[in-house]
Amino acid sequence: MSHVLIVDDERDLAELIDFNLQAAGFSTRVAATGEAALTAASEQTPQLVLLDLMLPDISGTEVCRQLRSNALTRDVLIVMLTAKGEEADRVRGFEVGADDYVTKPFSVRELVLRIKAVLRRGTPAKEGAAPLTLGPLTLDVATHRFYVEGKEVLLTALEFRLLEHMMTRLGRVQTREQLLEEVWGLSSNLETRTIDTHVMRLRDKLGPARAHLETVRGVGYRIVAPLA
C-alpha cells in the first residue's frame, strides 16, 4: 500500500482528496501547512507528496526544496497541486524537484489516476541492472544515480525515467505521444506542455553532453551518440 502525504490548507478539498485516495487503496496523511508537512514526512516517509504551492506559512516550492535536500526524502515523488497555471510557475516547481504538476480545478478521479501513473513510473529499477553510459554520461539504474564526467548530478524521479527511456532507445526519435504514454503514464490524447519543460531542464543538467539530447522539430526528441 503506497502512502500519500496530502499538503493543502483548503480543508474541504484536502478531505475530498483524502477520502478518494483511501477509497482507491492508499494510506494517507493530511497536513495543512508546510511545517506540518515536513514533520509528517520525517515521521513516516511517503511514497508520494501531493503538495499545494500556496500554503499559509512557507511556500510549496520551499517544502519541495527541503524534501529534496533531505537524504531520507530526496527520492519521494512530488506532485504540485496549485491554482496557478502559468508556465513560469510550472518551471519553478520543476526546478526545485517536482515530478508532476496538476492545476486546479481538476477532476478528483483524474487526480487519482494521475497519482497512480506517477507512482508506476517512479517504481525503482531492479537491483543488478547494468549502468547506462553515453560519452561523459553514466546512468546507474540500480542505485538511481546519475553522473556527468564522474560527478553526480541530481535528477528528479521523472527526469531519471525520461533519460533512461531515451538512453535505452539511442538514436530513435521519441514522439510526444510516446513519451506521454511510456514515461508519463498518461493517455496520448491528453494535452500537456510539461514534456518540453522537462526536456529543457534535463538538457541543462547534461552539461557538456547537452547536445546529445536533440529536438526533432515537429516530431519529438532523441538521444544520439557522441561523434567518434
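Note that this is a predicted model, so its numbers are computed, not measured.

Chemist: Can you break down the side chain of Asp52 residue by residue, with the values?
Modeler: Mapped onto the secondary structure, Asp52 falls in strand E3 (residues 48-52). Judged by relative accessible area, which is 3%, Asp52 ranks as buried. Contact partners of Asp52, with chain neighbours within four places excluded, come to Val7, Asp8, Asp9, Gly60, Leu81, Thr82 and Lys104.

Chemist: Residues and numbers for helix H1 (residues 11-23), please.
Modeler: An α-helical segment advances 3.6 residues per turn. Residues three or four places apart therefore align on the same side. Here H1 contains 13 residues, and its C-alpha end-to-end distance of 18 Å stays within 8% of the 18 Å for a straight helix at 1.5 Å per residue. Buried within H1 are the following residues: Leu13, Ala14, Ile17, Asp18 and Leu21. For H1, the angular spread of the buried residues around the axis is 135°, confining them to a single face. Facing away from the buried side of H1, by more than 90 degrees, are the exposed residues Arg11, Asp12, Phe19 and Ala23.

Chemist: An account of the environment of Thr168 is requested, with residue identities and associated values reported.
Modeler: As for its placement among the helices and strands, Thr168 is situated in the loop between helix H6 (157-167) and strand E10 (174-175). In this structure the C-alpha to C-alpha distance between Thr168 and Thr133, which are 35 residues apart in sequence, comes to 9.9 Å. At 3.0 Å, the side chain of Thr168 forms a polar contact with the backbone oxygen of His165.

Chemist: Help me get a handle on the packing of H6 against helix H7 (residues 176-184), residues and values and all.
Modeler: Between H6 and H7, the shortest axis-to-axis distance is 10 Å and the interhelical angle comes to 120°. As the angle between them shows, H6 and H7 are arranged oblique. Handedness of the H6/H7 crossing: right-handed. The segment H6 lies against H7, with Leu158, Arg161, Leu162 and His165 engaging Leu179, Glu182, Val183 and Trp184. Looking at side-chain class alone, the contact of H6 with H7 contains 5 nonpolar, 1 polar and 2 charged residues.

Here is what the cut-offs are and how they apply
- Residues numbered from 1 in each chain as written.
- Predicted model: local features only at pLDDT ≥ 70, side-chain atom pairs only at ≥ 80, totals over all residues.
- Heavy atoms only, no water.
- Helix = DSSP H or I, 4+ residues; strand = E, 2+ residues; numbered from the N terminus.
- Buried < 20%, exposed > 50% of the residue type's maximum accessible area, 1.4 Å probe, protein only.
- Contact = heavy atoms within 4.5 Å.
- Expected span 1.5 Å × (residues − 1).
- Arc of directions from axis to C-beta.
- Polar contact = N/O pair within 3.5 Å; in protein donor to acceptor, adjacent residues only side chain to side chain.
- Axes fitted to C-alpha atoms, helices over the stretch in contact; angles between N-to-C directions.
- Parallel < 35°, antiparallel > 145°, perpendicular 65-115°, else oblique.
- Left-handed = near helix turned anticlockwise from the far one by under 90°.
- Nonpolar A, V, L, I, M, F, W, Y, C, P; charged D, E, K, R; others polar.

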